[in-house]
Amino acid sequence: MRAAVLRSYGSPLCLEEIDILPPEQGEVKVRFAASGICHSDLTRMEGKRNSELPIVLGHEAAGYIEEIGPSVSHLAVGDRVVMSFLYDCGNCFYCCAGKPNLCEVGQRLLRTGTMPNGTTRLRKGDENIYHMMVSSFAEYGVVPARCAIKIPDEIPLEAAALIGCGVLTGTGAVFNTSKVCPGDTVLIIGAGGIGLNVIQGAVIAGASIVAVADINNEKLKIARKFGATHLIDGRSQDPVSVVRSLTEGRGVDHAFEAIGQTTTISQCYNAIRSGGKAVVVGITEAGSCCEVESMPLVVQEKILTGSFYGSYRPRLDIERLVGFYLDRRLRLDELISHQYRLDDINEAFNDLRSGILTRGVIRYE
Ligand code: CXF
Ligand code: ZN
């Protein structure tokens, strides 16, 4: 099959013919229909988060079940599926504690680039090629069956693909991590691929103020279309003073950091009211540290937390988001600004670097 392979950091992806092995116990083979282009793929390509090489990246995808491995009973050939990039084993401490996004096995696989049994299904001759769980920058993938979630025929697969990373991460931070309630006030710093979905989540949750800060004017205009009520130009305005002036000096109920910078994490913390929640969704560079004034943690009961993969519950959250899309409450088609063929994937990453994408999608159909 054709695949885009990362062979060395800082270099373009190599478009190659590689081999894919059949699904083993508890696995399925998927024919991809669409795969989103996400910033964390770029982070890996640049070597800012190390992986085993060579590897096939791509983790935000949807497609069709092509083949079923032994012991898989809940899926059938031809089913339309959205991929979860995080495996949940169902047995570890975190899965049993109701935190499947922190699954010990799933988090290990993100680092090892293998299937749960420690091996890979991608080869080129004798050469082993690693997975980024879904590895959807290829025509086909083999994934744990738990990571393929069946969806109805009514949702187009390129829209469904986006649910698998950006949409779950952004809306889940609102619904699951921070639990925004009707009437709550919200600040979002960063109107990129994740930030737009935090905005959508806040709107669906019924927030009364959805203030959005970014240093890119074009991104702010798009934020307005997705439901931002107040736009903050990060180059000339201080988000903390703006939201304080909107909330009688108190600060917002929830502030979301959707860039991955320590300075904006501090701004979120400073922008929340007593008892408010600052939720970090953006992933900062490994090893970086962030300073916050510690006394307000106690005397103002401020809460500073992270949100990984939208604190998601596999299957349940995907079903809910598909429902919101079909009810026209969640906009997915509007997130897609550019579409590419797999052979043009390096152009897609150049566009991502230049900041012109709302979301880029590789289409295989
Ligand atoms: C990332 C977060 C870090 C591990 C890989 C996936 N999330 C979204 O792109
Ligand atoms: Zn992603």
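See above for the structure.
Residues numbered from 1 in each chain as written. Chains lettered and ligands numbered in written order. Predicted model: local features only at pLDDT ≥ 70, side-chain atom pairs only at ≥ 80, totals over all residues. Heavy atoms only, no water.

(A) Region of the structure containing the overall build of the protein chain. In terms of regular secondary structure, the protein chain is built from 11 helices and 19 strands. Taken over the C-alpha trace, the protein chain has a radius of gyration of 20 Å; the compact-globule value for 365 residues is 21 Å, and the two agree within 12%. Sorting the 365 residues of the protein chain into buried and exposed places 55% on the buried side. Counting contacts in the protein chain only where the partners sit at least 6 residues apart, residues at least 24 apart contribute 69% of the total. A total accessible area of about 14,900 Å² is found for the protein chain, and carbon and sulfur atoms account for 49% of it. A gap of 4 Å separates the mean positions of the 37 positive and 42 negative side-chain charges of the protein chain. (Helix = DSSP H or I, 4+ residues; strand = E, 2+ residues; numbered from the N terminus. Rg over C-alpha atoms; globule rule 2.2 N^0.38 Å. Buried < 20%, exposed > 50% of the residue type's maximum accessible area, 1.4 Å probe, protein only. Contact = heavy atoms within 4.5 Å. Areas by Shrake-Rupley, 256 points an atom, 1.4 Å probe, with all protein chains shown as cover. Lys, Arg positive; Asp, Glu negative; His and termini not counted. Charge placed at Lys NZ, Arg CZ, Asp CG, Glu CD.)

(B) How the structure looks around the sheet that holds strand β8 (residues 122-124). The sheet built from 4 strands is open, its strands ordered β3-β8-β9-β5 with mixed pairing. Across the chains shown, the open sheet's two edge strands, defined by having one partner strand only, are β3 (19-20) and β5 (55-56). Here 2 bridges tie β3 to β8, and the two strands are oriented antiparallel to one another. Counterpart to aspartate 19 in the pairing with β8 is arginine 123. (Pairing = 2+ DSSP bridges.)

(C) Structural detail: the site of ligand 1. Lining the immediate environment of ligand 1, one finds Cys38, Ser40, Arg49, His59, Phe85, Met132, Cys165, Ile283 and Phe308. For ligand 1, an oxygen atom lies 3.1 Å from a polar atom in the side chain of histidine 59. If ligand 1 stood free it would expose 270 Å²; the protein chains cover 89% of that surface. In the shell around ligand 1, the residues fall into 6 nonpolar, 2 polar and 1 charged. (Near = heavy atom within 4 Å. Polar contact = N/O pair within 3.5 Å; in protein donor to acceptor, adjacent residues only side chain to side chain. Nonpolar A, V, L, I, M, F, W, Y, C, P; charged D, E, K, R; others polar.)

(D) Molecular detail of the coordination of the zinc ion (ligand 2). Protein coordination of the zinc ion (ligand 2) is provided by Cys38 (SG), His59 (NE2) and Cys165 (SG), with donor distances spanning 2.0 to 2.2 Å. The coordination sphere of the zinc ion (ligand 2) comprises 4 donor atoms, whose angles at the metal cover 95 to 130 degrees; the geometry is tetrahedral. For the zinc ion (ligand 2), the single-chain donor residues occur in sequence as C-x20-H-x105-C. Here cysteine 38 is found in the loop between β4 (27-37) and α1 (39-45), whereas its partner histidine 59 is found in the loop between β5 and β6 (61-68), with 21 residues between them in sequence. An identical accessibility class is assigned to cysteine 38 and histidine 59; each is buried. (Donors = N, O, S within 2.8 Å, 3.2 Å for Na, K, Ca; no water. Tetrahedral: all angles 85-135°; square planar, octahedral: opposite > 155°, others 65-115°.)

(E) Here's a closer look at a nonpolar patch on the surface. On the surface, a cluster of nonpolar side chains totalling about 480 Å² of accessible area is made up of Met295, Leu297, Val298, Val299 and Leu304. Broken down by element, the residue count for the nonpolar patch peaks at 4 residues, all from helix α9 (residues 295-299). By secondary structure assignment, the location of valine 299 is in helix α9. (Patch = residues over 30% accessible without salt bridge, like charges linked within 9 Å, V, L, I, M, F, W, Y side chains within 5 Å. Salt bridge = Lys/Arg side-chain N within 4 Å of Asp/Glu carboxyl O.)

(F) Seen up close, the nonpolar core. Core analysis: the biggest nonpolar cluster contains 111 residues, and Phe137 and Phe256 have the highest contact counts within it. The leading source of residues in this core is helix α4 (residues 157-178), at 12 residues. With residues near it in sequence (within four places) discarded, phenylalanine 256 still touches Ala173, Val174, Ser178, Val180, Val186, Leu187, Ile188, Ile189, Val198, Cys268, Val279 and Val281. (Core = buried A, V, L, I, M, F, W, Y, C linked by side-chain atoms within 4.5 Å.)

(G) Layout of the sheet that holds strand β12 (residues 185-189). With parallel pairing, the 6 strands of this open sheet are ordered in space as β14-β13-β12-β15-β16-β17. At either margin of the open sheet sits one strand with a lone partner, and together these are β14 (230-233) and β17 (303-306). For this sheet, the mean inter-axis angle between neighbouring strands, taken without regard to orientation, is 15 degrees. The pairing of β12 with strand β13 (residues 209-214) spans 5 bridges and is classified as parallel. Directly across from threonine 185, in β13, lies its bridge partner isoleucine 209. Across the sheet, α4 is in contact with β15 (252-257), β16 (272-280) and β17; its angle to β16 comes to roughly 130 degrees. Along the sheet, helix α8 (residues 262-271) contacts β12, β15, β16 and β17; its crossing angle with β16, the most-contacted strand, is approximately 155 degrees. (Axes fitted to C-alpha atoms, helices over the stretch in contact; angles between N-to-C directions.)

(H) Up close: the pairing of β4. Of all the 11 residues making up β4, 10 are buried; the element is thus mostly covered by neighbouring parts of the structure. Taken together, the 5 bridges between β4 and strand β10 (residues 140-144) define a ladder with antiparallel strand orientation. Bridge assignment links glutamate 27 to a residue of β10, and that residue is proline 144. By the bridge criterion, 7 bridges tie β4 to β6 in an arrangement that is antiparallel. Across the sheet, alanine 34 pairs through a bridge with alanine 62, a residue of β6. In terms of strand pairing, β4 meets strand β19 (residues 359-363) through 4 bridges, oriented antiparallel. The residue of β19 that forms the bridge with isoleucine 37 is glycine 360.

(I) View of the packing of aromatic side chains. Using the criterion set out here, one finds 5 aromatic pairs in the structure. Ring geometry for phenylalanine 85 and tyrosine 309: centres 4.0 Å apart, planes at 15 degrees, overall stacked. Separated by 224 residues along the polypeptide, phenylalanine 85 in the loop between β7 (80-83) and α2 (93-96) and tyrosine 309 in the loop between β17 and α10 (316-326) bring together distant segments of the chain. Grouping aromatic residues by their ring pairs yields a cluster made of Phe85, Tyr309 and Tyr312. Looking at lysine 302, its charged tip hangs above the ring of tyrosine 269, at a distance of 4.8 Å from the centre. (Phe/Tyr/Trp six-rings, centres within 6.5 Å; stacked < 30°, edge-to-face > 60°. Lys NZ or Arg CZ within 6 Å of the ring centre and 35° of its normal.)

(J) Seen up close, the environment of cysteine 147. With respect to the element layout, cysteine 147 can be found in the loop between β10 and β11 (148-150). Those residues in contact with cysteine 147 that lie beyond four places of it in its chain are Val82, Met83, Ser84, Leu86, Tyr87 and Met133.

These figures come from the coordinates and say nothing about function on their own.
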